[in-house]
Amino acid sequence: MTLNRCHIAFFSLLLLMLPLVNGLGQGISFDAGLTPAQNRLIVRTQYRAFSTAEGTNTTRTKMVPVVVAYGVRPGFTLMMRNMYMRQTMGSNDAMNNLMDPLLLAKFRLYRKNTANWVLGVAPHLATNVPLGFSDMNPRSWNPEVGMNISFRPRFLSFDLSTVYQADDLFAQNEFSGGGEFRVNSAFSSVVPLSPGGEIAIAPVLEMNYLRRNNEGMDRSLFQQLLFVSPGASLMSSLLTLEMLLQVPVYQQDPVSYTDQGARIIAGLKIMF
């Protein structure tokens, strides 16, 4: 198959933008997808809102995470995330919490560039730092290990991220040994809005799956969640605006019987 000049120019522009928009292809909600170029910095912040219902009690949660990602080397990225959370339970007063910071290191394991596609594989290691800013932050270490795979044929992006998080590594709490497994997949494309491609929109469709085992006595009980998440990002060379709606299509919680509502995510990324 031959490519005309317009296709070659657009694909070349897309390749140049990949260090900036790598997190876009991996979905709006993937922190591990951020990959700035060497000696470059990405700052990302979001507003997240959702509600959960347990019987007649409804909990409304608002979260504002801030992620800073720095390209140490072409194949090595360091990130730090912290999060402010506000919860309102029924008619009770709101609780404001500053969560424990998260440190993450991402490594390039494999990357292949061709004229028609790009394939990248990058594992990551992360852990919280248990400073215990609030009662919602028990002083325990919860490390995680993950794998991020990106495949970009022509003007499309297919991305997969798997993560396993171990709760309370050193068994400091009464109920310890729980764990969480997450799978995030995303399909997106880039549509230029300006003649030179400096401004583009990228619609994305994610699927987000979570499986968490019970930290109590019965470890055979699992909480499971599956979201289908449409969204889009508006991109320029330095700034990206993003929006995602996470709709629960399957959920199972045999422990607390909590009903999860839809989640809204709005955010921005700035490249320095």
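Every chain is numbered independently, its residues counted from 1 as its sequence is written. Note on the predicted model: pLDDT of at least 70 is required for a residue's local features to be given, and 80 or more for side-chain atom pairs to be given and counted; whole-chain, interface and lining totals, by contrast, use all residues. No hydrogens and no water enter the side-chain calculation; it runs on all heavy atoms of the structure.

## Regarding the pairing of strand 1 (residues 41-54)
Operational definition: Whether two strands pair comes down to DSSP finding at least two bridges between them. A run of DSSP states H or I qualifies as a helix once it reaches four residues; a run of E qualifies as a strand once it reaches two. Both are numbered from the N-terminal end.
Bridge count for strand 1 against strand 2 (residues 57-73) is 12 bridges, and the pairing is antiparallel. Bridging from a neighbouring strand, Ile 42 pairs with Ala 69 of strand 2. Two successive antiparallel strands, strand 1 and strand 2, enclose a turn made up of two residues, where Gly 55 displays a positive phi of approximately 70°. Both strand 1 and strand 16 (residues 263-271) contribute to a ladder of eight bridges, which runs antiparallel. Among the inter-strand pairings, Ile 42 is bridged to a residue of strand 16, identified as Met 271.

## Concerning the pattern of salt bridges
The criterion, for reference: By definition here, a salt bridge exists when the distance from a side-chain nitrogen of Lys or Arg to a carboxyl oxygen of Asp or Glu is within 4 Å. Exposure is judged per residue with a 1.4 Å probe applied to protein chains only, and the accessible area is read against the type maximum: over 50% gives exposed, under 20% gives buried, and values in between give partly exposed.
The tally for this structure, following the rule as stated, stands at six salt bridges. Its salt-bridge partner being Arg 152, residue Asp 159 comes within 3.8 Å of it at the nearest N-O pair. Taken individually, Asp 159 and Arg 152 each receive the classification buried, so the pair is uniform in this respect. Here Asp 167 makes a salt bridge to Arg 212, at a shortest N to O gap of 2.4 Å. Residue Asp 167 is found in the loop between strand 9 (156-166) and strand 10 (179-189), and its partner Arg 212 is found in strand 12 (residues 200-213); the two are separated by 45 residues along the sequence.

## A look at the nonpolar core
Let me state the cut-off plainly: Take the buried residues of types Ala, Val, Leu, Ile, Met, Phe, Trp, Tyr and Cys, join any two whose side-chain atoms come within 4.5 Å, and each joined set is a nonpolar core.
The biggest cluster of nonpolar side chains holds 10 residues, and these are Ala 32, Leu 34, Ile 42, Val 67, Ala 69, Met 79, Leu 102, Leu 104, Ala 126 and Met 271. For this core, the secondary structure elements donating two or more residues are strand 2 and strand 5 (102-107).

## A word on the packing of aromatic side chains
Condition: Any Phe, Tyr or Trp ring, taking Trp's six-membered ring, that has another such ring centre within 6.5 Å forms a pair; planes under 30 degrees apart are called stacked, those over 60 apart edge-to-face, and the others tilted.
The full count for this structure, using the stated rule, is four aromatic pairs. For the ring pair Trp 117 and Phe 151, a centre distance of 6.2 Å and an interplane angle of 50° mean the geometry is tilted. You can see Trp 117 sitting in strand 7 (residues 117-128) and its partner Phe 151 sitting in strand 8 (residues 144-153), a full 34 residues away along the chain. The exposure class of Phe 151 is partly exposed, given its relative accessible area of 33%. Taken together, a centroid distance of 6.5 Å and an interplanar angle of 25° make the contact between Phe 151 and Phe 158 stacked. Given a relative accessible area of 35%, Phe 158 falls into the partly exposed group.

## Thoughts on a nonpolar patch on the surface
Convention followed: Residues enter patches when their relative accessible area tops 30% and they take part in no salt bridge; the joining distance is 9 Å for like charges and 5 Å for the nonpolar side chains Val, Leu, Ile, Met, Phe, Trp and Tyr. All accessibility values rest on the Shrake-Rupley procedure with a 1.4 Å probe; residue burial counts only the protein chains present in the view.
Side chains of Val 191, Leu 193, Ile 199, Ile 201, Leu 234, Leu 238, Leu 239, Leu 241, Ile 270 and Phe 272 sit close together on the surface and give an oily, nonpolar patch of about 810 Å² of accessible area. Relative to the helices and strands, Phe 272 resides in the segment after strand 16.

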